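# Observations on chain architecture
Chain by chain, the residues:
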Amino acid sequence: MKGFHETWPDSPAAARHLAVFINQAGPNEPGRVAFHYHECLELLLLERGQCQLTLEQQTIALEAGDLVLIGAGSSHGIPDMSGCRFLVLQFDPEWLLDLGDGTAGEWIPFLQADANLLAHVTLGDDAPVRDWLDDIASDWRDQPPALNLSIRGSLLKIVAWLIRYSHLRYLPQDLPMQWFRQIQPALRHVRSHYMDPFSETEAAALCHLSAPHFCRIFRKVTGKRFVSYIHHIRLLEARRFLATTDRPVAWIAARVGYASSSHFAAIFKKMTGLTPRGYRKQNQDKSRSNCDTLEQRPAL
């Protein structure tokens, strides 16, 4: 996650690919979260108050106890956060789910779904997620030994809870777990080499499947055709460049794997509803910052 730690100079060196902080404003204090973008996922718990979350073209009403998971690359902000207090976690799903044995990697596509809002749930007072979030905030504040391991464990429990109780959107139901495992080689290759040509036939061979069978189960598991998934991963990176740099569109197109900037622009418009230049203007006009908060400090 390039540049992520530079945004959070107070974050512990051990907690790479992660930021935890409190964002709050008093009842009579004006405050807002500027419209912004980042390449990580954001888990946001509204602990106190009421507000409106602007997420791309959506407006979502939030009340105390609401937990939302915001997709990577989704522009978002809060125009008025007076009287609100948030606990915010930003994290890289591949860091979280890279357990070294491939057992959790099958869930990465659903945390990288082409969607702005991945989860929205109101937590009851006895929801275990509250305790896990408190543990993360305490660890971040106190920075004990094994900080990275402890926070990762609590965050894994939260994601598992979202999956287990069907709070994570875009999650296919009743599919054989074998399918998840079978397509993992292709998913890993795309995430690491998205800018390189990679055909369905090559992906199928990498997974030791016939091309028709691979295409069928890939679409069942991810909800996308294979070529659409490649475009999705490429455009996540393209949106980051557009929102945070002044690189020419032609340079960005080539960087993420498109030989033609016109082809890139057509795919971008089809999948986002905006031209690359329109997306850049929309995001850079609202905020050139990757900052999420008025008040940036470790969680209390």
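Below, the structure is looked at part by part.

Cut-offs applied
- Residues numbered from 1 in each chain as written.
- Predicted model: local features only at pLDDT ≥ 70, side-chain atom pairs only at ≥ 80, totals over all residues.
- Heavy atoms only, no water.
- Buried < 20%, exposed > 50% of the residue type's maximum accessible area, 1.4 Å probe, protein only.
- Helix = DSSP H or I, 4+ residues; strand = E, 2+ residues; numbered from the N terminus.
- Pairing = 2+ DSSP bridges.
- Phe/Tyr/Trp six-rings, centres within 6.5 Å; stacked < 30°, edge-to-face > 60°.
- Axes fitted to C-alpha atoms, helices over the stretch in contact; angles between N-to-C directions.
- Parallel < 35°, antiparallel > 145°, perpendicular 65-115°, else oblique.
- Left-handed = near helix turned anticlockwise from the far one by under 90°.
- Contact = heavy atoms within 4.5 Å.
- Nonpolar A, V, L, I, M, F, W, Y, C, P; charged D, E, K, R; others polar.

## A short note on the pairing of strand β6 (residues 66–70)
The side chains of a regular strand alternate between both faces of the sheet. Counting buried residues along β6, five of its five residues qualify, which places the element largely inside the surrounding structure. Pairing of strand β3 (residues 41–48) with β6 involves four bridges; the strand directions are antiparallel. Within the sheet, the bridge partner assigned to L45 lies in β6 and is L67. Bridge analysis of β6 against strand β9 (residues 117–122) gives five bridges, and the strand direction is antiparallel. Bridge pairing links D66 to T122 in β9.

## Digging into the packing of aromatic side chains
Going through the model one piece at a time under the given rule, you end up with ten aromatic pairs. Summarising the aromatic geometry, the rings of F214 and F218 are spaced 5.5 Å apart at their centres and angled 40 degrees between planes, so their arrangement reads as tilted. Placement of both F214 and F218 in helix α9 (residues 211–222) is noted, with a separation of four residues, approximately one turn of the helix. For F214, a relative accessible area of 0% puts it in the buried group. Given the relative accessible area of 1%, F218 is considered buried. Ring pairing ties together the aromatic residues F198, F214, F218, F226 and Y229, which thus form one cluster.

## What to know about the packing of helix α4 (residues 128–142) against helix α5 (residues 147–164)
It is at 9 Å that the axes of α4 and α5 come closest, and there the two elements cross at 160 degrees. As judged from the angle between their axes, α4 and α5 are roughly antiparallel. Every pair of crossing elements has a handedness; the one defined by α4 and α5 is left-handed. Taking contact as the criterion, the partners of P128, V129, W132, L133, D135, I136, D139 and W140 in α4 are, on α5, L147, S150, I151, S154, L155, K157, I158 and W161.

## Observations concerning the packing of helix α10 (residues 226–244) against helix α12 (residues 261–272)
Geometry of a packed helix pair, given as the angle between the helix axes and the separation of the axes. In contact at an axis separation of 11 Å, α10 and α12 are set at 95 degrees when each is read in the N-to-C sense. In terms of orientation, α10 and α12 fall into the roughly perpendicular class. When α10 is examined against α12, the residues S228, H231, H232, L235, A238, R239 and L242 are found in contact with a partner set consisting of F264, I267, F268 and M271. Residues belonging to the contact of α10 with α12 are distributed by class as follows: seven nonpolar, three polar and one charged.

## Some points on unusual backbone geometry
Phi angles above zero are rare outside glycine, and S166 is one such case at about 60 degrees. As for its placement among the helices and strands, S166 is situated in the loop between α5 and α6 (177–182). Non-glycine residue H208 carries a positive phi angle of around 60 degrees. Position of H208 among the secondary structure elements: in the loop between α8 (200–206) and α9. Looking at H208, the relative accessible area reads 72%, which means it is exposed.

The values are spatial; any link to function lies outside them.
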